[in-house]
Amino acid sequence: MLDFFTIFSKGGIVLWCFQGTGVTESFTGPVNALIRSVILQERSGNNSFTHEALSLKYKLDNEFELVFVVGFQKILTLTYVDKFIDDVQLNFRDRYKNELEHKGALKLLNNNFEFEDDFMILLREAEESSKARGPVSMRTFTESLKSQKTVKSMIETKGGDKVKEQGGKKSKNAKKEAPAAEPVKGDQVKAPSVSQKTVENGNQGLTPEEVMQKKREEFFRKRMVQPVEKPSKSPKPQQKPKEKQRRVWDMGGSSTKNLDYSHRNGNGSHDVGDQSQDAQIDSGMHLNSMKGDLLTVDYESSEEEEEEEEEEERMAVNETSKKAPKKGGGFGGMFGMLKGLVGSKSLTRDDMESVLDKMRDHLIAKNVAAEIASQLCDSVAKKLEGKVMGTFTTVASTVKQALQDSLVQILQPKRRVDILRDVLEARSQRRPFVVTFCGVNGVGKSTNLAKISFWLIENGFTVLIAACDTFRAGAVEQLRTHQRRLNSLHPPEEHGGRPVVQLYEKGYGKDAAGIAMEAIAYARNQAFDVVLVDTAGRMQDNAPLMTALAKLIAVNMPDLVLFVGEALVGNEAVDQLVKFNQALADHSMSDKPRLIDGIVLTKFDTIDDKVGAAISMTYITGQPIVFVGTGQTYNDLRSLNARAVVGALMKA
């Protein structure tokens, strides 16, 4: 039933392995995938992992730094695997400890570890126990609740209520003091209702015709009499309404001539003076050079925050000393404190439960998705369970440090996205480097596309912007404005008379995939270095638009697919990324579909220290955050600093 079972240390040394009968394929591939995707990426909150046709279960032994992995076919439902892997762990670690004490580490590694017999005994017992339980037999009709129902209890009356048993009738009638005959009872019920209506309307003793006549007179009286204005108790002198104050912008200037568009041509084209005017405006923006790699997002913890953390540590120590039993006279408090600090025992799940609950609430308050926060805390618990604490450390500090290391590991990318190097490589192959931007509505795709264009221009590359947002009104005009401003910052005269940025657009209502294909062909013919494809914003639940996006990516096969998401989202980040990736996978025409390759995190300057969206997005996709938008100018583009983000996330 089992394909393989292997035991290895966290250092990568295989201590013992077992391979099932008839299994010829090596298990190194699935185990290496488990190590790369789960253990190294701090995703061990769930103890199962799927690799192709195999399902893997694993367990970590943190005291001896061991990993137990069992693999079986995904189509099988083996209920005994969880208990079996626990039994193997307990049995193996006892023998491993004894062998380690008697032989030493070097002799133990040189010799073969004999565990075959014990393993087969445990496997046989687990399989027999699962067979002994067997499927639960179905209940007979006499044992079911349906057999206890009577025909009388299933009959319904005209009112819709089922006929109640005799006992129920007696209890109901017992509450009435003097039951009367049915006709008398009906008269008594009707009489109060009629009297109640007449009293409410004020028409007691009137016939229906008189009541109708009275209502008509009241209606005409209200229509004929003009309403009299009630004099106010304290009449206030009439004041002039306040006029709306004009807002003065810092860079707007005091002249209104900039807003006068009457000198332009009727067809919407600009005069030559507009270009010089844009150049004058842009020259006052004082943009810094962005040559080379981008600056990182920095977060500096102040001395007050460090003092607060030290104070929390002292409070945790005091609480530990208070909880410790005071024995042995006056030295009880001292020894109790030392007992709570010195690494004398291994951590258990109960010891960490209260600290993990606080950490989970803290992460959710920092905008981490609730599901991701729970998985992170479970992963930390499995990483620390059974581990011996260090000397003079508290449980809170140990858990916090482990969580901080896990967050840094998650944010550090598995692969480095070096766009400048990739563009140079594509240029050597005489083809453009294509980047596609996708995301939901209003996250800043076009704005950050312009920032990335400015960064590429500063590094000496030519850019072609493909306007594939053919749905939103004003999308093409927005890109044309960015193109004009970027060309004014880098005039064509400085680049041999050729504009460094050009816009490829076909208007609105066209097929976005076709426009992208034509733009890439145009860039190849005109020797552009980079093609930036701007797509329409779409919600992840809109199936037709998601199909169109998958078609655009599948047809054009861009070098980089960037998901643009804002740092303000919480739980929505999980839903967006999962459904975007799912749509790209479902509508792709190849066996290995193109998914999201990286993330652009926008509006990072609006969230202070609530940086949890970065954790959620990276945890879901496993892809790095390539760019971080920190403002509205072309200079406001940064790269992610994992330790700075984690420092802001762990800030109290």
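Residues numbered from 1 in each chain as written. Predicted model: local features only at pLDDT ≥ 70, side-chain atom pairs only at ≥ 80, totals over all residues. Heavy atoms only, no water.

*Asks:* Can you help me understand the overall build of the protein in this one?
*Replies:* A tally of regular secondary structure across the protein gives 22 helices and 13 strands. In the protein, which comprises 652 residues, the share counted as buried stands at 38%. Of the contacts formed within the protein by residues at least 6 apart in sequence, a portion of 73% connects residues at least 24 apart. Working note: accessible area of the protein is about 40100 Å², and carbon and sulfur atoms make up 52% of it. (Helix = DSSP H or I, 4+ residues; strand = E, 2+ residues; numbered from the N terminus. Buried < 20%, exposed > 50% of the residue type's maximum accessible area, 1.4 Å probe, protein only. Contact = heavy atoms within 4.5 Å. Areas by Shrake-Rupley, 256 points an atom, 1.4 Å probe, with all protein chains shown as cover.)

*Asks:* What am I meant to see in the environment of alanine 53 here?
*Replies:* In this structure, alanine 53 sits in the loop between strand 3 (48-51) and strand 4 (54-61). As for alanine 53 and proline 30, which are separated by 23 residues in sequence, their C-alpha atoms are 9.9 Å apart. Leave out the neighbours within four places in its chain, and alanine 53 touches Phe72, Gln73 and Lys74.

*Asks:* Mind showing me how you'd approach the side chain of threonine 602 here?
*Replies:* In this structure, threonine 602 sits in strand 11 (residues 598-602). Apart from the residues within four sequence positions on either side, threonine 602 is in contact with Val443, Gly444, Asn448, Val564, Gly565, Glu566, Ala567 and Gly629.

*Asks:* Which parts of the structure should I look at to understand the environment of leucine 545?
*Replies:* Positionally, leucine 545 belongs in helix 19 (residues 543-556). The partly exposed category is assigned to leucine 545, whose relative accessible area is 29%. Measuring from C-alpha to C-alpha, the distance between leucine 545 and alanine 583 comes to 9.9 Å, with 38 residues separating the pair along the chain.

*Asks:* Quick question: what am I supposed to make of the sheet that holds strand 11 here?
*Replies:* Backbone hydrogen bonds are what pair the strands of a sheet, in a parallel or an antiparallel way. With respect to topology, 8 strands assemble into an open sheet ordered 8-7-9-6-10-11-12-13, the strand pairing being mixed. The sheet is open, and its two edges are formed by strand 8 (501-504) and strand 13 (637-638), each paired on a single side. In terms of strand pairing, strand 10 (residues 560-566) meets strand 11 through 5 bridges, oriented parallel. If you follow phenylalanine 563 over to strand 11, its bridge partner there is isoleucine 599. Sheet strands in contact with helix 15 (residues 419-428) are strand 6 (433-438), strand 9 (530-535), strand 10 and strand 12 (625-629), and its direction is about 135 degrees off that of strand 6. (Pairing = 2+ DSSP bridges. Axes fitted to C-alpha atoms, helices over the stretch in contact; angles between N-to-C directions.)

*Asks:* Just checking my understanding: could you explain the nonpolar core for this structure?
*Replies:* For soluble globular proteins, nonpolar side chains are generally found buried alongside one another. With 114 residues, the main nonpolar core has Ile419, Trp455, Leu456 and Phe627 as its most contacted residues. Sequence-distant contacts of leucine 456, defined by excluding residues within four places in its chain, comprise Ile419, Leu420, Phe461, Val463, Val530 and Leu532. (Core = buried A, V, L, I, M, F, W, Y, C linked by side-chain atoms within 4.5 Å.)

*Asks:* Please explain unusual backbone geometry as it appears in this structure.
*Replies:* As a rule of thumb, non-glycine residues mostly have phi less than zero, and peptide bonds are mostly trans rather than cis. One non-glycine residue, asparagine 367, lies in the positive phi region at around 85 degrees. One can find asparagine 367 in the loop between helix 12 (349-365) and helix 13 (370-384). The phi torsion at methionine 557 lies on the positive side, around 50 degrees, for a residue other than glycine. Among the secondary structure elements, methionine 557 is positioned in the loop between helix 19 and strand 10.

*Asks:* Hey, could you run me through the sheet that holds strand 2 (residues 14-19) in this one?
*Replies:* Taking strand neighbours across the sheet as the criterion, the 5 strands line up as 2-1-5-4-3 in an open arrangement whose pairing is antiparallel. Both outer strands of the open sheet, strand 2 and strand 3, are each paired with one neighbouring strand and no more. Neighbour-to-neighbour, the strand axes of this sheet turn through a mean angle of 15 degrees, independent of strand direction. With 5 bridges connecting them, strand 1 (residues 2-9) and strand 2 associate as antiparallel partners. By the bridge assignment, isoleucine 7 is partnered in strand 2 with tryptophan 16. Each of strand 1, strand 3, strand 4 and strand 5 (66-73) is contacted by helix 1 (residues 28-39), which is oriented at about 125 degrees to strand 3, the strand it contacts most.

*Asks:* When you look at the packing of helix 20 (residues 572-586) against helix 21 (residues 612-621) in this model, what are you seeing that I'm missing?
*Replies:* The axes of two packed helices give the description: the angle between them and the distance between them. Packing of helix 20 against helix 21 brings their axes to within 9 Å, and their N-to-C directions diverge by 30 degrees. As far as their axial angle goes, helix 21 and helix 20 are roughly parallel. Viewed along their axes, helix 20 and helix 21 form a crossing whose handedness is right-handed. Facing helix 20, whose interface residues are Ala573, Val574, Leu577, Val578 and Asn581, helix 21 presents Ser616, Met617, Ile620 and Thr621. Residue composition of the contact of helix 20 with helix 21, by class: 6 nonpolar, 3 polar and no charged. (Parallel < 35°, antiparallel > 145°, perpendicular 65-115°, else oblique. Left-handed = near helix turned anticlockwise from the far one by under 90°. Nonpolar A, V, L, I, M, F, W, Y, C, P; charged D, E, K, R; others polar.)

*Asks:* What am I meant to see in the pattern of salt bridges here?
*Replies:* Pairs can form between side chains of opposite charge whenever their charged atoms are close. Within the structure shown, the criterion is met by 21 salt bridges. With a closest N to O distance of 3.8 Å, glutamate 65 and lysine 10 form a salt bridge. One end of the pair, glutamate 65, is in the loop between strand 4 and strand 5; the other, lysine 10, is in the loop between strand 1 and strand 2, and 55 residues separate them in sequence. Here aspartate 87 ties to lysine 83 by a salt bridge, and the two come within 3.1 Å at their closest N and O atoms. Taken together, the residues aspartate 87 and lysine 83, both in helix 2 (residues 81-103) and 4 residues apart, mark about one turn of the helix. The structure contains a network of salt bridges with shared partners spanning Asp61, Glu63 and Arg93. (Salt bridge = Lys/Arg side-chain N within 4 Å of Asp/Glu carboxyl O.)

*Asks:* Can you help me understand the pairing of strand 4 in this one?
*Replies:* For a regular strand, side chains alternate in direction, first toward one face of the sheet and then toward the other. Most of strand 4 sits inside the fold, with 7 of its 8 residues counted as buried. Sheet topology places strand 3 next to strand 4; 4 bridges connect them, and they run antiparallel. Bridge pairing in strand 4 links phenylalanine 49 to leucine 56. Here strand 3 hands over to strand 4 after 2 residues, with glutamate 52 in that stretch at a positive phi of 55 degrees. Sheet analysis places strand 4 next to strand 5, joined by 8 bridges and oriented antiparallel.

*Asks:* So what exactly am I meant to see when it comes to the side chain of lysine 451 here?
*Replies:* With respect to the helices and strands, the residue lysine 451 is situated in helix 16 (residues 445-458). One buried charge, lysine 451, has no salt-bridge partner; the nearest side chain with opposite charge is aspartate 636, at 5.5 Å. Engagement of the side chain of lysine 451 in a polar contact is seen with the backbone oxygen of glycine 631, the distance being 2.6 Å. When near neighbours in sequence (up to four residues on either side) are disregarded, lysine 451 contacts Gly629, Thr630, Gly631, Thr633, Tyr634, Asp636 and Leu637. (Lys, Arg positive; Asp, Glu negative; His and termini not counted. Polar contact = N/O pair within 3.5 Å; in protein donor to acceptor, adjacent residues only side chain to side chain.)

*Asks:* Would you take a moment to explain the packing of helix 12 against helix 13 for this structure?
*Replies:* Orientation of helix 12 relative to helix 13, taken along the N-to-C sense of each, is 150 degrees, at an axis distance of 9 Å. As far as their axial angle goes, helix 13 and helix 12 are roughly antiparallel. Every pair of crossing elements has a handedness; the one defined by helix 12 and helix 13 is right-handed. Where helix 12 approaches helix 13, its residues Arg349, Met352, Leu356, Met359, Arg360, Leu363 and Ile364 are matched on the opposing element by Ala370, Ala373, Ser374, Leu376, Cys377, Asp378, Val380, Ala381 and Leu384.

*Asks:* Even after reading the chapter, I still don't get the packing of aromatic side chains, so can you show me in this structure?
*Replies:* Any two aromatic rings considered together are summarised by their centre-to-centre distance and by the angle between their planes. Enumeration according to the criterion identifies 16 aromatic pairs in this entry. Taking the centre distance of 5.1 Å and the plane angle of 15 degrees together, the rings of phenylalanine 4 and phenylalanine 27 count as stacked. With a gap of 23 residues between them, phenylalanine 4 in strand 1 and phenylalanine 27 in the loop between strand 2 and helix 1 connect regions that are remote in the sequence. When sorted by exposure, phenylalanine 4 lands in the same class as phenylalanine 27, which is buried. Summarising the aromatic geometry, the rings of tryptophan 455 and phenylalanine 627 are spaced 5.5 Å apart at their centres and angled 75 degrees between planes, so their arrangement reads as edge-to-face. Here phenylalanine 627 lies in strand 12 and tryptophan 455 lies in helix 16, a separation of 172 residues in the sequence. Each member of the pair, tryptophan 455 as well as phenylalanine 627, carries the same accessibility label: buried. Members of the aromatic cluster, joined through ring pairs, are Phe5, Trp16, Phe18, Phe64, Phe68, Phe84, Phe92, Tyr96, Phe115 and Phe119. Over the aromatic face of phenylalanine 528 sits the side chain of arginine 498, whose NZ or CZ is 4.6 Å from the ring centroid. (Phe/Tyr/Trp six-rings, centres within 6.5 Å; stacked < 30°, edge-to-face > 60°. Lys NZ or Arg CZ within 6 Å of the ring centre and 35° of its normal.)

Purely geometric numbers; function is a separate question.
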